[in-house]
Amino acid sequence: QVQLAESGGGLVQAGGSLRLSCAASGRSFNTYAMGWFRQAPGKEREFIAAISVSGGTTSYADSVKGRFTISRDNAKSTLYLQMNSLKPEDTAVYYCAANRFRLSVTPVAYDYWGQGTQVTVSS
């Protein structure tokens, strides 16, 4: 088992930036591919970004490409999501997730999830 804890969410004006963190404990963080997902009220959980075990490969949803950057620090067992040029439609609960096999864009492929952190973007 691995435990994941998100932090860094909050309220920001449109056009602003936030950096989310996901701290992992309990297992070897550097053996998991990692991903970020978000879920807004009344909507399904949506893929945002994913990163390979080493950090050498990344994948982004079209809606955030060019604005968000996923990264990881394996020495600190921490995953990051840098969010720039935020829009009101980015408002959601953001979740980090760990995949013991490979990078994936589908929520069901992930084995462990954090409890989420709220991001609210005002217009």
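Up top is the structure.
Owing to the predicted nature of the structure, the values given are computational and were not obtained by experimental measurement.

### Some points on the packing of aromatic side chains
How two aromatic rings sit relative to each other is set out by the distance from centre to centre and by the angle between their planes.
Step number 1: Taken as a whole, this structure holds 6 aromatic pairs when the rule is applied.
Step number 2: Ring geometry for Phe37 and Tyr110: centres 5.1 Å apart, planes at 80 degrees, overall edge-to-face. Of this pair, Phe37 sits in strand E4 (residues 33–39) while Tyr110 sits in the loop between strand E9 (92–99) and strand E10 (112–113), placing them 73 residues apart in sequence.
Step number 3: On the accessibility criterion, Phe37 (0% relative accessible area) is buried.
Step number 4: On the basis of relative accessible area, Tyr110 is assigned to the buried category, the value being 5%.
Step number 5: With a centroid separation of 5.0 Å and 50 degrees between ring planes, the pair formed by Phe37 and Trp113 is classed as tilted. Of this pair, Phe37 sits in strand E4 while Trp113 is found in strand E10, placing the two residues 76 residues apart along the sequence.
Step number 6: It is Arg19 that lies over the ring of Tyr80; its NZ or CZ is 4.1 Å from the centre.

### Comments concerning the nonpolar core
Step number 1: Judged by nonpolar contacts, the single largest core of 38 residues is most densely connected at Leu4, Met34, Trp36, Leu79, Leu81, Met83 and Tyr94.
Step number 2: Only strand E3 (18–25), E4, strand E5 (46–51), strand E7 (68–73), strand E8 (78–83), E9 and strand E11 (117–122) provide two or more residues apiece to this core.
Step number 3: Discounting residues that sit within four places of it in the chain, Leu79 has contacts with Leu20, Ser21, Cys22, Phe29, Met34, Gly35, Trp36, Ile51, Ile70, Ser71, Arg72 and Cys96.

### Quick notes on the pairing of E8
In summary, the side chains of a regular strand alternate between the two faces of the sheet.
Step number 1: In terms of burial, E8 is largely enclosed, as 5 of its 6 residues are buried.
Step number 2: Two elements, E3 and E8, share 6 bridges in a ladder whose sense is antiparallel. Within E8, the position partnered with Leu20 by the bridge is Leu81.
Step number 3: When E7 meets E8, the two strands line up antiparallel, connected through 6 bridges. Its bridge partner being in E8, Ile70 is matched across the sheet by Leu81.

So, how was this worked out
Sequence order as written defines residue numbering, which begins from 1 separately in each chain. Given that the model is predicted, a residue must reach a pLDDT of at least 70 before its local features are reported, and side-chain atom pairs must reach 80 or more before they are shown or counted; all residues, however, enter totals for whole chains, interfaces and linings. Note that water and hydrogens are dropped before the side-chain values are worked out from all heavy atoms of the structure. Two aromatic rings from Phe, Tyr or Trp, using only the six-membered ring of Trp, form a pair when their centres are within 6.5 Å; if the ring planes differ by under 30 degrees the pair is stacked, by over 60 it is edge-to-face, and anything between is tilted. Helix and strand definitions here come from DSSP, where helices need a minimum of 4 consecutive H or I residues and strands a minimum of 2 consecutive E residues; each element is numbered from the N-terminal end. Here the term buried applies to any residue with accessible area under 20% of the maximum for its type, exposed to any over 50%, and partly exposed to those in between, with areas from a 1.4 Å probe on protein chains only. Both a distance and an angle decide whether a charge sits over a ring: NZ of Lys or CZ of Arg must be within 6 Å of the ring centre and within 35 degrees of the ring normal. Think of a nonpolar core as a cluster: buried Ala, Val, Leu, Ile, Met, Phe, Trp, Tyr and Cys residues, connected wherever their side-chain atoms sit within 4.5 Å. We call two residues in contact whenever any of their non-hydrogen atoms come within 4.5 Å of each other. Pairing between strands requires that DSSP locate at least two bridges from one strand to the other.

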